[in-house]
Every structure is written in C-alpha cells, then in structure tokens.
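Observations on the three-dimensional arrangement
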Amino acid sequence: MTNKQAFSEAKNFIPGGVNSPVRAFGSVGGEPVIIDSGKGAYIYDIEGKKYLDFIQSWGPLIFGHCDEDIQNAVINAAKKGLSFGAPTLAETTLAKMICEKFENIDKIRFVSSGTEATMSAIRVARGYSKKDGLIKFEGCYHGHSDALLIKAGSGATTYGNASSGGVPQEVVKNTYLAIYNDISSVEAIFENNKDKIGVVIIEPIAGNMGLVPADKEFLIALRALCDKFGAVLILDEVMSGFRASEFGSLPYHGVLADIVTFGKVIGGGMNAAAFGGKREIMDCLSPDGTVYQAGTLSGNPVAMSAGIIALGKINSNKNLYDKLENLARRLTDGFKSAANDAGVALHTDVRGSMFGYFFTDKAVKNYDDALKSDVKLFAKFHAAMLAKGVYLAPSQFETGFICEPMSEADIDFAVRAAREAFREIKA
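Computed from a prediction, not measured in an experiment: that's the story for all the values here.

Below, the discussion takes up helix α2 (residues 68-80). With 13 residues, α2 extends 19 Å from end C-alpha to end C-alpha; this agrees with the ideal 18 Å at 1.5 Å per step. What α2 keeps buried is the set Ile70, Ala73, Val74 and Ala77. Seen along its axis, α2 keeps its buried residues to an arc of 100°; they face one direction. Exposed positions of α2 whose direction lies more than 90 degrees from the buried face are Glu68 and Lys79. With a side-chain oxygen lying 3.2 Å from the backbone nitrogen of Asp69, the N-terminal cap of α2 falls on Asp67. Trailing α2 by a residue or two, Gly81 shows a phi angle of about 140°, which is positive.

In structure tokens:
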C-alpha cells in the first residue's frame, strides 16, 4: 500500500485521516507520509523511504526511536501487567526523581497527557487562590481543554482559528488574554480586574507558535505581579521540561513557579504527564483536599517505567544537553547560511535540544510577530525537505527537536538538503 492509498483509507474512518490536526499537513499542502517504524534518529514510511526525523514524536524521544534501555523497561513492565488502577512503586520512584531535582516542587501528580496536566494544574490553582480569573498568553498552547482554546497557537494557529468550535462563551469568560513578552499587558489585566485573577499560565519557552522564548526580565516581572496580586504562577513545561535542559527552562530565567507542568520526555515516549508544585497547593487535591482530579490510567506502570529510565539516562549523561544544543545550533546556523545565500530571510532560535526557524527578517517575540512569517515559503521548504528525506514539523508554528543518536553527519546532511531546497524554491 502506498502512503497516498493509506491516507485515503484513514480519512474514511478518522476525521481528516489523523488523530491530531497538524499531522494532516494542512498548512504545507500535500499529504502526510504514513510511518511504519523508527530507529534512532530516523523513521521509515510504509513505502520503505527513510527520513531524518526532527519531530521525534513532538518532543518525547530525546534518546531517539527504539532506545534499547527504554524499550527493555517497557517490555519488562508490560510482562507484569499493563495497568492496575492501583498504586505501584514505579509511581513513587519517578515522582521522587522529579521532586528531588526541583526546589519548588514538593509533590507531583501524574496524568496521561499534557492537556490533563495543564487543565488539572489550573483547577488546583483556582482551588488554592479561590479566584476564577485566568491569564494566558496569545500563541501559547496548553492543550485542548475548553478554557484554553483562545489564540492557542499550534494546530489552532496552523488552521487559522482564533478559538475552536464547540467552546461555549460561558466557559471562556474567565480567561484573559495577554501579550507574550509584554509585561504591561499583564499588569493592565491585573489592575482592571482586581481580586479576580487567581492563575497565570505561560510557556516559558513557547513551542506552539514556533520556538519563541520568554525574556528573562519579562518572567521575573511576571513572578512579581503574581506575588503582588495573589495569583498562582504556572509554568507549562510540557514541551520544554527536560528538553531545554535537565531543569527545563529554569537556567534561562531563574524564576520559580508555584506549579510546573511536565509531559513528553518524562514518559520516555509513553503517554505520561504531570503537574507538581508547592506542598500547600498540591495538598488541595483530593483525597487530601477538596479539588477533584482523577484518571484511570494515571501513573500507568508501563509509562512510569519508561520515564524512570529516560530521566535516569539524563541524570547520568552530564554532557547530553551540551551535545544536543551544539547540534541544534549547527543545524540552525546551517539553515540560516543556506537561506542567506539564496536571498531568503530566516530567523532562528535554539533552547537546548529545541530549535525553531521563521521565514522573516525580524526577531519573533510574540504571537503577532510569528504570524508575519511567510507561511507559503515555509510550505515550499517543507515539501522540498521531505522529498530529500528530512522530516520537519509540518507547520511554521511548531518546534523542532534534536535527539541523542543524531550526529554531526546527520545535521550536515540536513543542511545540504536545505541548501538544495532553498535554491529550488527560489529558482
């Protein structure tokens, strides 16, 4: 079966043929390839074609596809049982590994997805602050729960939706929108809604309007505003946690959040996410407190086992992030050089193993800046790179990822492909 035939069949049974919108290649044209397998830095489609993979399952696979250690942990855990709906030692082991690493996390609770993590974090924050108002930032994506689907970045941006159908206005009436990297917009909301704002949530390294890091000074000021007005600060590190560094975004700004959300890497490729924070906040959760949150597969033993090995490998490899960041910079520097030679404006950025690039000649600091990128040129570049065996995120408004198995030779292959692609699309 060809990729085209397989995708056509999928569309008969799955909306759009995909189980997450951006996978449909809607913003870059053409149709997705259908993946059969992966190994290390590479994936293979059902036609047997090989691609250097810069998506890495949208971030979780920091050690690449089919890492032997993680794979063995999953197999051994599965042999004991897939799920129990009861406590296991693995949950406590992984919780302890995370809590002992972060000084602002006393307790943590596991869930199965980033959406669950952010949704639950907001609920407990509201329960603790006893205020309903929530500030989020344009272009930041925190999963697909109703109250957060407003100028949400990621797939919502890709498809041009400021919000989503099916979200009642009553649900979002307590959500206030601020401008990323603009502290005055946040201060205005606080001042105009005194005693209403109980929660602020932000991606400290936004990865869903493309890679757009928050300025250190902005996050420090945001922390001060939350303290002044009695709001709980949530740093959404579902993407950047253990990706930007072993401490997530923290080394870039030094700001301690009240709650941090995690996902992706902490599951080692399995479906695990979490939210954790100060003891007095987390103790508001049932069964200790009045804030209800539950999940049948939360703390799943197979996912926990994968996460334990993934974080263990991170802890034991002290040069990991230096290697990954060097490769990311080698890639983005190569992309920029190739673009400049072809007369194409390209802005790039790197945070640890995360990288991003925009087809614009100006620095991107917020959602509006990101929207000024040339998405038509991006689509041409994406198609050309895919044809050359380089698998990049099929949206201008996503982030790319480096994995540990990648080598300088792999990166140089991608840069050569980019140089050819830029020459083709400008011809």
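With 19 residues, helix α15 (residues 408-426) should reach 27 Å at 1.5 Å per residue; the first-to-last C-alpha distance of 27 Å fits that figure. Among all positions of α15, only Asp410, Ile411, Ala414, Val415, Ala417, Ala418, Ala421, Phe422 and Ile425 are buried. For α15, the angular spread of the buried residues around the axis is 165°, confining them to a single face. Exposed residues on α15 whose side chains face more than 90 degrees from its buried face are Ala409 and Arg423.

Within this model, the second largest pocket holds a volume of roughly 540 Å³. Along its surface, the second largest pocket is lined by 24 residues, and Arg23, Val33, Ile34, Ile35 and Tyr391 are the ones closest to its centre. For the lining of the second largest pocket, the secondary structure elements donating two or more residues are α1 (3-13) and β1 (35-39). If one sorts the elements of the lining of the second largest pocket by residue count, β1 sits on top with 4 residues. Residues that form the lining of the second largest pocket fall into these classes: 14 nonpolar, 7 polar and 3 charged.

A separate point is the pattern of salt bridges. Side-chain pairing between opposite charges can occur once the charged atoms of the two side chains come close. For the structure shown, the criterion picks out 22 salt bridges. Lys388 serves as the salt-bridge partner of Glu424, at 2.6 Å between the closest nitrogen and oxygen. Here Glu424, found in helix α15, pairs with Lys388, found in the loop between α14 (375-387) and β15 (390-391); they are 36 residues apart in sequence, far enough to count as distant. Judged by relative accessible area, Glu424 falls into the partly exposed class, the value being 44%. Through salt bridges with shared partners, one network takes in Arg223, Asp227, Asp258 and Lys278.

Thresholds applied
- Residues numbered from 1 in each chain as written.
- Predicted model: local features only at pLDDT ≥ 70, side-chain atom pairs only at ≥ 80, totals over all residues.
- Heavy atoms only, no water.
- Helix = DSSP H or I, 4+ residues; strand = E, 2+ residues; numbered from the N terminus.
- Expected span 1.5 Å × (residues − 1).
- Buried < 20%, exposed > 50% of the residue type's maximum accessible area, 1.4 Å probe, protein only.
- Arc of directions from axis to C-beta.
- Polar contact = N/O pair within 3.5 Å; in protein donor to acceptor, adjacent residues only side chain to side chain.
- 1 Å grid on protein atoms, 1.4 Å probe; cavity = no way out; pocket = protein on both sides within 12 Å on 5 of 7 lines; lining within 4 Å.
- Points joined across faces, edges and corners; volume = space filled by probe spheres on them.
- Nonpolar A, V, L, I, M, F, W, Y, C, P; charged D, E, K, R; others polar.
- Salt bridge = Lys/Arg side-chain N within 4 Å of Asp/Glu carboxyl O.

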